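Read off the chains here:
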Number of protein chains: 6
Amino acid sequence: MVEYEDASPEVRAVYDDIMKTRGTDLINNFWKALASHPPTLKRTWESLKEVMAPGALDPLTKEMLYLAVSVTNSCEYCIASHTAAARKAGMTDEMMGELMGVVGMANETNRLVTGYRVPVDERFKS
Amino acid sequence: MVEYEDASPEVRAVYDDIMKTRGTDLINNFWKALASHPPTLKRTWESLKEVMAPGALDPLTKEMLYLAVSVTNSCEYCIASHTAAARKAGMTDEMMGELMGVVGMANETNRLVTGYRVPVDERFKS
Amino acid sequence: MVEYEDASPEVRAVYDDIMKTRGTDLINNFWKALASHPPTLKRTWESLKEVMAPGALDPLTKEMLYLAVSVTNSCEYCIASHTAAARKAGMTDEMMGELMGVVGMANETNRLVTGYRVPVDERFKS
Amino acid sequence: MVEYEDASPEVRAVYDDIMKTRGTDLINNFWKALASHPPTLKRTWESLKEVMAPGALDPLTKEMLYLAVSVTNSCEYCIASHTAAARKAGMTDEMMGELMGVVGMANETNRLVTGYRVPVDERFKS
Amino acid sequence: MVEYEDASPEVRAVYDDIMKTRGTDLINNFWKALASHPPTLKRTWESLKEVMAPGALDPLTKEMLYLAVSVTNSCEYCIASHTAAARKAGMTDEMMGELMGVVGMANETNRLVTGYRVPVDERFKS
Amino acid sequence: MVEYEDASPEVRAVYDDIMKTRGTDLINNFWKALASHPPTLKRTWESLKEVMAPGALDPLTKEMLYLAVSVTNSCEYCIASHTAAARKAGMTDEMMGELMGVVGMANETNRLVTGYRVPVDERFKS
């Protein structure tokens, strides 16, 4: 993991942009780990910044989608960091409960559909 | 797959409730497949009805979360049916594009985090 | 896919053993595909034969476990072939319904556990 | 996590039913975590109780199916709790070894099938 | 799916760069689908171009890694397109057989490790 | 976990072959865990030895493929042990960075393909 003090100018420029964009003076371990390969750090940050910016979907919705994927993938770090980010963006206990309800149910019915080899209904074909 | 005409009273009662709740006179193949085991049909429908009802999260957000999970799980039927449901609930092309952006990026960073074995930051520990 | 007529002696020996072990004169497409790389064909068949032989668990239980994994992995071919095998070994509609109930529920609670980051209870630590 | 002492009457009613159904006076961390959203706690427990009850499949087979799914999903908590439950229901070291053999082999062949894009044999089509 | 003839200048610029970079006059369906949301098209292509360029790893190794991931994720389209790309980059039947051997075995042992809850050896801790 | 001192002759024979083949006097925890069911230990080791032997693909490529699968499956132990093995076989920081780039990107595009339900191009069929 590369700390700010030990970072090359290329890595520092990314760290500076992360801190400025997020209004914080902390760099998560995720970025410090990616910094062992600066091109991956830079590319990943720039994509993430673009994807998570407010657009047709608001930031809370985006964070909850991120969390839904991370839970489905069982990514512990991602669940921890995006639960924190979703909380900061306004997710309440009840919203979390409903999100988990949908995520759990979707994982259940995905398998029922697959296991029973259900053919796609004509009207759902794009 | 069990058609309405061939269904037992127990299965028909579930089919009737699905059609009434959704304001439609169509039963998807998913429910017709589950009907080969009535207790699974009944339990799954009652859970799904409860989970997808409007609450702290609105129906469009719930459908998009369902879709994000289904894409992550590569469930073709589920993607087809929940894309249709999300469209009906108001999802535009641009919202779909942003949803896919978040889902793709989350799947990417989930693996980067895992592959680099990034330790959870202290402040993310609940 | 390698048909019996076109197979090398090495591949034929495996095909013969499959047919003899299973009491059938049909070779599934799976083995015909693996035959493009004979060492993979041979190693896979020998492992599978050993693993699926009757032992502390009976053949139906083994087929149902195979099916549960294949459903969780969304492997269409595997679901089709192992549903057929489980049916042949005695799986009824009701057993299939209960199996799918367990598989669906396990996939649901696996995500609830992960999403809420539930710590392992002391008494479950081996 | 919600302890019994701090639980609302609605949550306590579920805890009481869990303890009575299982003949124990311990509540796992899983249920204490779900209790942060009582409707999810209640719905999940009622579904699980129905799914895991003895039926066409015996309790040990159901626990082993649960474990096979949990291993395939890499859910650490679920593996720990359902290994304990399967042991309690009679799973020996040898049965565990055979279960793991089937789970491992199924995960291997699922990928071989998928990677070689094996078409489903006519006779396996439902 | 957006065909070249119907594409906006922004989308055409990406299509032109894909054809030029790959020395082909064909655009895969993948890009035509992404073009429904131009920012996702542009960002994905630019990232992919950077990631797949020759570097410390040669193009064949990169294509085989891509294929290994796609097989593990059961992504049919991805397996089809990246098998074609790997073949074009020099993958023989024997290399494909060995790749599938490693992918299958890794998926098997991944589950054995997880199912037996094997603790990480001290010397493997980074 | 079965230590060498406590192992049966059957288990010791496998341990001896592992140490001889790898030129080491250490047995990883993985093998010690499998030893609780000797047939699984023996079968797994013999398959792995065959699969990972030098062939049409060199050992470093095989280790990187193993790692790519393990990262996609989020198998912590496997990532730790195969990162160590790949390093020993010559993987540099830059190669690791490019490997992670491909693995991350493949996981992202796999979902984009699936979510947009992209039909396979004619020329990619078999």
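Residues numbered from 1 in each chain as written. Chains lettered and ligands numbered in written order. Predicted model: local features only at pLDDT ≥ 70, side-chain atom pairs only at ≥ 80, totals over all residues. Heavy atoms only, no water.

Per an unreviewed UniProt entry, chain A goes by Alkyl hydroperoxide reductase AhpD and derives from Skermanella aerolata.

> Requested: an account of the interface of chain A and chain B, with residues and values cited.
Of the residues lining the interface, 60 residues belong to chain A; the matching set on chain B comes to 60 residues. The contact between chain A and chain B buries some 5300 Å² in all, and 72% of this surface belongs to carbon and sulfur atoms. The three residues of chain A that bury the most area against chain B are Leu-65, Val-102 and Phe-124 of chain A, which together make up 11% of that side's buried surface. Our count for the contact surface shared by chain A and chain B stands at four salt bridges. (Contact = heavy atoms within 4.5 Å. Buried area = accessible area lost by both parts, 1.4 Å probe. Salt bridge = Lys/Arg side-chain N within 4 Å of Asp/Glu carboxyl O.)

> Before we move on, could you go through unusual backbone geometry and cite the residues and values that matter?
Residues apart from glycine generally show negative phi values, whereas peptide bonds are mostly found in trans. All names here are of chain A. Of note, Ser-74 is a non-glycine position whose phi angle comes to about 55 degrees, a positive value. Note on placement: Ser-74 falls in the loop between α4 (59–72) and α5 (76–88). Although it is not a glycine, Arg-117 sits at a positive phi angle of roughly 50 degrees. (Helix = DSSP H or I, 4+ residues; strand = E, 2+ residues; numbered from the N terminus.)

> Tell me about the relation of the copies chain A and chain B, and name the residues and values.
Superposing the two chain copies requires a rotation about an axis and a translation along that axis. Between chain A and chain B, the superposition needs a rotation of 180 degrees and an axial shift of 0.0 Å, giving an RMSD of 0.0 Å. The symmetry that links the two subunits is that of a two-fold axis. Of the residues that chain A buries at the interface, 100% are likewise interface residues in chain B, meaning the two copies contact each other through the same surface. (Least-squares fit on C-alpha atoms with pLDDT ≥ 70 in both.)

> I'd like to hear about the interface of chain E and chain F, residue by residue, with values.
If you look at the interface, chain E gives 60 residues, while chain F gives 60 residues. Interface of chain E and chain F: buried area, both sides summed, is about 5300 Å²; carbon and sulfur atoms make up 72% of it. Among the residues chain E hides against chain F, the three largest losses belong to Leu-65, Val-102 and Phe-124 of chain E. Together they make up 11% of the total. Between chain E and chain F we count four salt bridges in total. Residue Lys-62 of chain E pairs with Glu-98 of chain F through a salt bridge whose shortest N-O separation is 3.1 Å. Linking chain E to chain F there are 24 residue pairs in polar contact (both at pLDDT 80 or more). Going through the elements one at a time, α2 (29–34), α3 (38–52), α4 (59–72), α5 (76–88) and α6 (93–115) of chain E are the ones with two or more residues in the side of chain E that touches chain F. Class assignment for the residues of the side of chain E that touches chain F results in 34 nonpolar, 17 polar and nine charged. (Polar contact = N/O pair within 3.5 Å; in protein donor to acceptor, adjacent residues only side chain to side chain. Nonpolar A, V, L, I, M, F, W, Y, C, P; charged D, E, K, R; others polar.)

> Summarise the UniProt feature "domain: Carboxymuconolactone decarboxylase-like" (unreviewed entry) in chain A; cite the residues concerned and give the values.
Mapped onto this numbering, the UniProt entry gives "domain: Carboxymuconolactone decarboxylase-like" (unreviewed entry) at residues 39–117 of chain A. Taken end to end, residues 39–117 of chain A has its terminal C-alpha atoms 43 Å apart, with 81% of it in helix and 0% in strand. (UniProt positions renumbered as here; feature names shortened; annotations may be inferred.)

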